[in-house]
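The chain contents come next:
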Amino acid sequence: MYKNDLLTLAIESSCDETSVALVAGGRKILSNIIASQIDVHTAFGGVVPEIASRHHLENINNVTDHALKEAGVTMDDVDFFSVTYGPGLVGALLIGVATAKSYALAAGKPLVPVHHIQGHISANYLEFPDLEPPFMALVVSGGHTNIVRVDDYNSCITLGQTRDDAAGEAYDKVARVLGLGYPGGPKIDKIARTGDPDAVQFKRVFLEDGSLDFSFSGIKTGVMNYVNSEKQAGREISVPDVAASFQEAVLDVIVKKSVGAAVENHEDKLVVAGGVAANSRLREKLSEACGREGIRLCVPGPVLCTDNAAMIGAAGYYKYISEYGSDRQDYLFMDAVAQLPL
Ligand code: KG4
Ligand code: ZN
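Structure report, in brief. (Residues numbered from 1 in each chain as written. Chains lettered and ligands numbered in written order. Predicted model: local features only at pLDDT ≥ 70, side-chain atom pairs only at ≥ 80, totals over all residues. Heavy atoms only, no water.)

### With respect to the sheet that holds strand β7 (residues 145–152)
Consider a sheet: its strands pair through backbone hydrogen bonds, and that pairing is either parallel or antiparallel. Judged by pairing direction, the sheet is mixed, and its 5 strands sit side by side in the order β8-β7-β6-β9-β10 without closing on themselves. Edge positions in the open sheet fall to β8 (155–161) and β10 (296–298), since each of these has one partner strand only. Going from strand to strand, the sheet's axes swing by 25° on average, the running direction of each strand aside. Bridge analysis of strand β6 (residues 135–140) against β7 gives 6 bridges, and the strand direction is antiparallel. Opposite V140, over in β7, you have T145 as the bridge partner. In this fold helix α4 (residues 116–127) packs onto β6, β7, β8, β9 (269–273) and β10, with an angle of close to 120° to the strand it touches most, β9. (Pairing = 2+ DSSP bridges. Helix = DSSP H or I, 4+ residues; strand = E, 2+ residues; numbered from the N terminus. Axes fitted to C-alpha atoms, helices over the stretch in contact; angles between N-to-C directions. Contact = heavy atoms within 4.5 Å.)

And the structure:
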């Protein structure tokens, strides 16, 4: 019924990346421009929401022009628009949503609202052309740690999630305690490679038997307590050892729960998504565990792991073909939503 090459212009602005992409048929990236604000926020040790919104506003039209140019298309070639409408920083989301509405209104073409986490999961459709649901998904980002059973392109169930900090948030906070700066995930990833993961035994928190939920606030406090007590005792800490030990404890839990969920639910594929999916040790550990269980592991390349608009275009495509007719015009009443369940 629908052409495979339906072209969407997708926008992502939920945090500190202003991104616009052109994606054909939900699977082919024509362009994926990402203007990162990391340098701006590094000075503050984290993302400052108000500054993020202003930068989105300043950048978004230029990023759009750049994306169209790189894809070699014009607005006339676009069949529909896709935009992240939540969850995220509401002021940051608003810039993307308002921009997408104005593009859609001016072009007289439909607009599909996309859930940010659905986008992260859909990054895998871009990376792995043969990948189709059902599968188990592990979403590990700065705001989320979810185990999701994906039954179909637009149908999924969250089986477990964090009860406090997200995995990326724990990485960022521990990096700050260790004086590594922002964003902490990639810094810990790098420095941990030179450390001993068995140097400090941080507690692995598995919660109740059979639970697929997570809790990472305890390990963050554990690292802080360890650093303080060593300092008070006049001993110098080894940052690589602490980083490696923290990482190993967090990843032991994530890997055990996500691979266990795939096995229990008889899924033969585990799909990983979100910024923390770029972590090299997580990839290593998942690949070992999935290999043992005969599960196919899918992890996108680093660019598709962190926030980008191409993943929103992939998710938008499947939403469009399943529930959006080309005459659906209710998008103008869509809102940006900070907290949004999957
Ligand atoms: O998905 P993402 O780009 O934004 C959100 O939707 O949250 O994820 C950002 C998070 C940050 O917490 C960052 O520290 C973490 O992903 N991250 C990593 C790595 N690269 C990014 N964490 C661990 N290892 C990495 N290599
Ligand atoms: Zn994200």
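### A look at the site of ligand 1
Taken together, 18 residues lie near ligand 1, and G142, D172, D189, G275 and N279 sit nearest. One of the side-chain nitrogen or oxygen atoms of H116 is found 3.1 Å away from an oxygen atom of ligand 1. At 3.0 Å from an oxygen atom of ligand 1 is found a main-chain nitrogen or oxygen belonging to G185. Taking 550 Å² as the accessible area of ligand 1 by itself, protein coverage stands at 87%. For the shell around ligand 1, the elements supplying multiple residues, two or more each, are α4, α5 (167–177) and α6 (184–192). A per-class count over the shell around ligand 1 returns 4 nonpolar, 11 polar and 3 charged. Per-domain counts for the shell around ligand 1 show at least three residues from each of domain 1 (7–125 + 305–332) and domain 2 (134–299). (Near = heavy atom within 4 Å. Polar contact = N/O pair within 3.5 Å; in protein donor to acceptor, adjacent residues only side chain to side chain. Areas by Shrake-Rupley, 256 points an atom, 1.4 Å probe, with all protein chains shown as cover. Nonpolar A, V, L, I, M, F, W, Y, C, P; charged D, E, K, R; others polar. Domains from an automatic or database assignment.)

### Section: the sheet that holds strand β1 (residues 7–12)
With mixed pairing, 5 strands are arranged side by side in an open sheet as β3-β2-β1-β4-β5. Each of the sheet's edge strands pairs with one partner strand only, and the pair in question is β3 (28–36) and β5 (111–115). Strand after strand, the sheet turns through a mean of 20° between neighbouring axes, direction not considered. Note that strand β2 (residues 17–24) and β3 share 8 bridges and pair antiparallel. In the sheet register, L22 faces β3, and the bridge partner there is S31. Sitting on the sheet, helix α2 (residues 49–71) touches β1, β2 and β3, and the angle it makes with β2 is about 25°. Strands in contact with helix α11 (residues 309–323) are β1, β2, β3, β4 (80–86) and β5; relative to β1, the strand with the most contacts, it is inclined by about 130°.

### Focus on α4
Each full turn of the α-helix corresponds to 3.6 residues, which orients residues three or four apart in the same direction. Helix length check: α4 (12 residues) gives 17 Å between terminal C-alpha atoms against 16 Å at 1.5 Å per residue, within 8%. In terms of burial, α4 is a largely internal element, 11 of the 12 residues being buried. Within the sequence span of α4, burial applies to H116, I117, Q118, G119, H120, I121, S122, A123, N124, Y125 and L126. (Expected span 1.5 Å × (residues − 1). Buried < 20%, exposed > 50% of the residue type's maximum accessible area, 1.4 Å probe, protein only.)

### Some details on a nonpolar patch on the surface
Together, L105, L332 and F333 give the surface a local cluster of nonpolar side chains, amounting to about 350 Å² of exposed area. With respect to the helices, strands and loops of the structure, F333 is situated in the segment after α11. (Patch = residues over 30% accessible without salt bridge, like charges linked within 9 Å, V, L, I, M, F, W, Y side chains within 5 Å. Salt bridge = Lys/Arg side-chain N within 4 Å of Asp/Glu carboxyl O.)

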